Amino acid sequence: MRSSAKTYILSAFLIIIFPGLLSAQDPAKNDSVRRRYIVAATEIMTSAHFCTLITLDENGRPVGRILEAFDPDSNLVVWLGTNSQSRKVQQIKKNPEVTLFYFDTNTFTYVSIQGKAKLITDSLEKTRHWKEEWKPFYRNPREDYLLIKITPQFLELLSPKNGFSGDPATWKTPSIRFD
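All of these numbers come straight from a predicted model, not from anything done at the bench.

## Comments concerning the overall build of the protein
Within the protein, the secondary structure is distributed over six helices and seven strands. Traced from its N-terminal end to its C-terminal end, the protein shows the element sequence α-α-α-β-β-β-α-β-β-α-α-β-β. In the protein, buried positions account for 39% of the 179 residues. Taking contacts inside the protein between residues at least 6 apart in sequence as the whole, the part at least 24 apart equals 61%. Element-wise, carbon and sulfur atoms account for 55% of the exposed surface of the protein, whose accessible area totals about 10900 Å².

Now the structure itself:
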């Protein structure tokens, strides 16, 4: 049996027997553990489909709204489409620090991403990140539609089936930082 197969089998065994073990490892120092975080997070984010985008208003209070996100890329970068005149755009211009929250109601798992939002008006990206069913919401997509690109800085997730369980005493969930 190859070394990587043995490692996978051992990891799967440990996750089943000791589900909290994975959360105790430092993913910043272990690429395979970090990859497992990203795979589990991607699974939840894709399954949930919708997320809550949380920005800060002019008084520093959090404001959340439900959005239909594009599936995350391999580094968990998320793209969202919105109206260029929306409050969230104005809030992001003032403070690009945002939170995305995904909850999968089928599995009771979640992902929370804190990251930096960037407003994108590039026509090629807008074409690439467009859904025809959105057409009724934008009179002039060239002007009315823009993208929000969110690059993760911090992620936490809860997915017991993937070995990511909260601490039994504090409920602190497993998390990773991005560079």
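## As for the environment of Gln91
Topologically, Gln91 is positioned in helix 4 (residues 87–94). By relative accessible area, Gln91 is classed as buried at 6%. Excluding anything up to four places from it in sequence, Gln91 contacts Thr55, Leu56, Asp57, Val63 and Arg65. Only 2.4 Å separates the side chain of Gln91 from the side chain of Thr55, close enough to count as a polar contact.

## Topic: the pattern of salt bridges
The full count for this structure, using the stated rule, is five salt bridges. Between Glu43 and Lys161 there is a salt bridge; the shortest N-O distance is 2.9 Å. In this pair, Glu43 is assigned in helix 3 (residues 31–48) and Lys161 in the loop between strand 6 (145–158) and strand 7 (175–177), connecting sequence segments 118 residues apart. Measuring nitrogen to oxygen at the nearest pair gives 3.3 Å for the salt bridge that ties Arg61 to Asp57.

## Overview of the nonpolar core
What tends to happen in soluble globular proteins is that the nonpolar side chains get buried as a cluster. By size, the foremost hydrophobic cluster in this structure holds 31 residues, and its most contacted members are Leu80, Leu100, Tyr102, Val111 and Leu155. Within the residue set of this core, elements represented by two or more residues are helix 3, strand 1 (50–56), strand 3 (78–83), helix 4, strand 4 (97–104), strand 5 (109–120) and strand 6. Ranked by the residues each element gives to this core, the list is headed by helix 3, at eight residues. Not counting residues within four places of it along the chain, the set of residues in contact with Leu100 comprises Cys51, Thr52, Leu53, Val78, Leu80, Val111, Ser112, Ile113 and Ile150. Within the second largest apolar cluster, eight residues are counted, among which are Trp79, Ile120, Tyr138 and Tyr145.

## A closer look at unusual backbone geometry
With a phi close to 70°, His49 is a non-glycine residue in the positive phi region. With respect to the helices and strands, the residue His49 is situated in the loop between helix 3 and strand 1. Although it is not a glycine, Leu76 adopts a positive phi angle of roughly 65°. By the element assignment, Leu76 lies in the loop between strand 2 (62–68) and strand 3.

## Some words on the environment of Phe70
Topologically, Phe70 is positioned in the loop between strand 2 and strand 3. For Phe70 and His129, which are 59 residues apart along the polypeptide, the C-alpha to C-alpha distance reads 7.6 Å.

## Remarks on the pairing of strand 6
In terms of strand pairing, strand 3 meets strand 6 through six bridges, oriented antiparallel. Residue pairing for strand 6: Leu80 is matched across the bridge by Ile148. Direction of pairing for strand 5 relative to strand 6: antiparallel, over a ladder of 11 bridges. Bridging from a neighbouring strand, Ile120 pairs with Leu147 of strand 6. Pairing geometry for strand 6 and strand 7, over three bridges, is antiparallel. Counted as the bridge partner of Glu156 is Ser175 from strand 7.

What counts, and at which threshold
- Residues numbered from 1 in each chain as written.
- Predicted model: local features only at pLDDT ≥ 70, side-chain atom pairs only at ≥ 80, totals over all residues.
- Heavy atoms only, no water.
- Helix = DSSP H or I, 4+ residues; strand = E, 2+ residues; numbered from the N terminus.
- Buried < 20%, exposed > 50% of the residue type's maximum accessible area, 1.4 Å probe, protein only.
- Contact = heavy atoms within 4.5 Å.
- Areas by Shrake-Rupley, 256 points an atom, 1.4 Å probe, with all protein chains shown as cover.
- Polar contact = N/O pair within 3.5 Å; in protein donor to acceptor, adjacent residues only side chain to side chain.
- Salt bridge = Lys/Arg side-chain N within 4 Å of Asp/Glu carboxyl O.
- Core = buried A, V, L, I, M, F, W, Y, C linked by side-chain atoms within 4.5 Å.
- Pairing = 2+ DSSP bridges.

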